[in-house]
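Spelled out, the chains give:
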Amino acid sequence: PELAERTQAALRAGLPPQAATGNPVDMSASATAADYGRCLRILAAADEADAVIVVFIPPFLTRAEDVAREIAAAAGGLPAKPVVAVFMTAGPVPGSLSQAGIPAFTYPERAAAALGHLARWAEWRSRPAPPGLPPPPLGTGSRAAAARQRPPTAPRGGGGRGADEPKHAACP
């Protein structure tokens, strides 16, 4: 869907005239690391965006590590909204993304597929738990540990979300 006019206006306020502020947003090759952080904050605050995929294709002057640090800093103060990064670089993805818990991919299609899986999982988790099957605890260890705690007849994921569990899941 198209971004709201207020969101597009906020994006336009700091981007060059040739930038596209619809959906998707194209900041242009002149985007700085600070532009990535500013736009991420705006998009994450937009009600019409359920998630944000940040794509970095290296131009001549902006360093991948600078952009990764800015994305990590911006994502740290965002509402519970999934953020994934795509770094289409010849080298490895900057480590500051994984240190900040931001999943990073080398191709946008893989990032979109991961968000699709996350959305399906969140929808499934929002369903009521089958009778007699308590949901697994959240945040108590690895996925493997949670799988070991599930009864053998339980479906993958362990059932619905409890009232005190978060609405959105975070990508590991």
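Note: the structure precedes this text.
For the structure given in this document, a descriptive report is provided here. Everything numeric in this text was worked out from a predicted model, so none of it was measured. (Residues numbered from 1 in each chain as written. Predicted model: local features only at pLDDT ≥ 70, side-chain atom pairs only at ≥ 80, totals over all residues. Heavy atoms only, no water.)

Turning our attention to the overall build of the protein. The helix and strand tally for the protein stands at six helices and three strands. Tracing the protein from N to C terminus, the helices and strands come up as α-α-β-α-β-α-β-α-α. Each of the 172 residues in the protein was classed as buried or not, and the buried ones make up 36%. Looking at the protein alone, contacts between residues at least 24 apart form 58% of all its contacts between residues at least 6 apart. Of the roughly 10,200 Å² of accessible surface on the protein, a fraction of 59% belongs to carbon and sulfur atoms. (Helix = DSSP H or I, 4+ residues; strand = E, 2+ residues; numbered from the N terminus. Buried < 20%, exposed > 50% of the residue type's maximum accessible area, 1.4 Å probe, protein only. Contact = heavy atoms within 4.5 Å. Areas by Shrake-Rupley, 256 points an atom, 1.4 Å probe, with all protein chains shown as cover.)

Computed from the structure, the second largest pocket encloses a volume of approximately 850 Å³. Taken together, 25 residues line the second largest pocket, and the ones lying closest to its centre are Pro24, Val25, Ile53, Val54 and Val55. Only helix 2 (33-45) and strand 1 (52-56) provide two or more residues apiece to the lining of the second largest pocket. For the lining of the second largest pocket, the per-class residue count stands at 19 nonpolar, three polar and three charged. (1 Å grid on protein atoms, 1.4 Å probe; cavity = no way out; pocket = protein on both sides within 12 Å on 5 of 7 lines; lining within 4 Å. Points joined across faces, edges and corners; volume = space filled by probe spheres on them. Nonpolar A, V, L, I, M, F, W, Y, C, P; charged D, E, K, R; others polar.)

Attention now moves to the environment of alanine 10. Mapping alanine 10 onto the fold places it in helix 1 (residues 5-12). Sequence separation between alanine 10 and threonine 21 is 11 residues; the distance between their C-alpha atoms is 9.2 Å. The residues touching alanine 10, leaving out its near neighbours within four places in the chain, are Arg38 and Ile42.

Relative to the helices and strands, glutamine 8 resides in helix 1. Through-space distance from the C-alpha of glutamine 8 to that of alanine 46 is 9.9 Å; in sequence the pair is 38 residues apart.

A complete count under the given rule lists two aromatic pairs for this structure. When the ring of tyrosine 36 is compared with that of phenylalanine 56, the centres are 5.7 Å apart and the planes differ by 70°; the resulting orientation is edge-to-face. Note that tyrosine 36 is positioned in helix 2 and phenylalanine 56 in strand 1, a separation of 20 residues in sequence. Note on tyrosine 36: relative accessible area 10%, which makes it buried. (Phe/Tyr/Trp six-rings, centres within 6.5 Å; stacked < 30°, edge-to-face > 60°.)

Once that is clear, we can look at the pattern of salt bridges. Evaluation of the coordinates by the stated rule reveals seven salt bridges. One salt bridge in this structure joins arginine 69 and glutamate 65, with 3.4 Å as the shortest N-O distance. Taken together, the positions of arginine 69 and glutamate 65, both in helix 3 (residues 64-76) and four residues apart, correspond to about one turn of that helix. On the basis of relative accessible area, arginine 69 is assigned to the partly exposed category, the value being 42%. The partly exposed category is assigned to glutamate 65, whose relative accessible area is 25%. Here arginine 69 ties to aspartate 66 by a salt bridge, and the two come within 2.7 Å at their closest N and O atoms. One end of the pair is arginine 69 and the other is aspartate 66, both in helix 3 and three residues apart, which spans about a single turn. (Salt bridge = Lys/Arg side-chain N within 4 Å of Asp/Glu carboxyl O.)

Read these as geometric descriptors, not functional statements.
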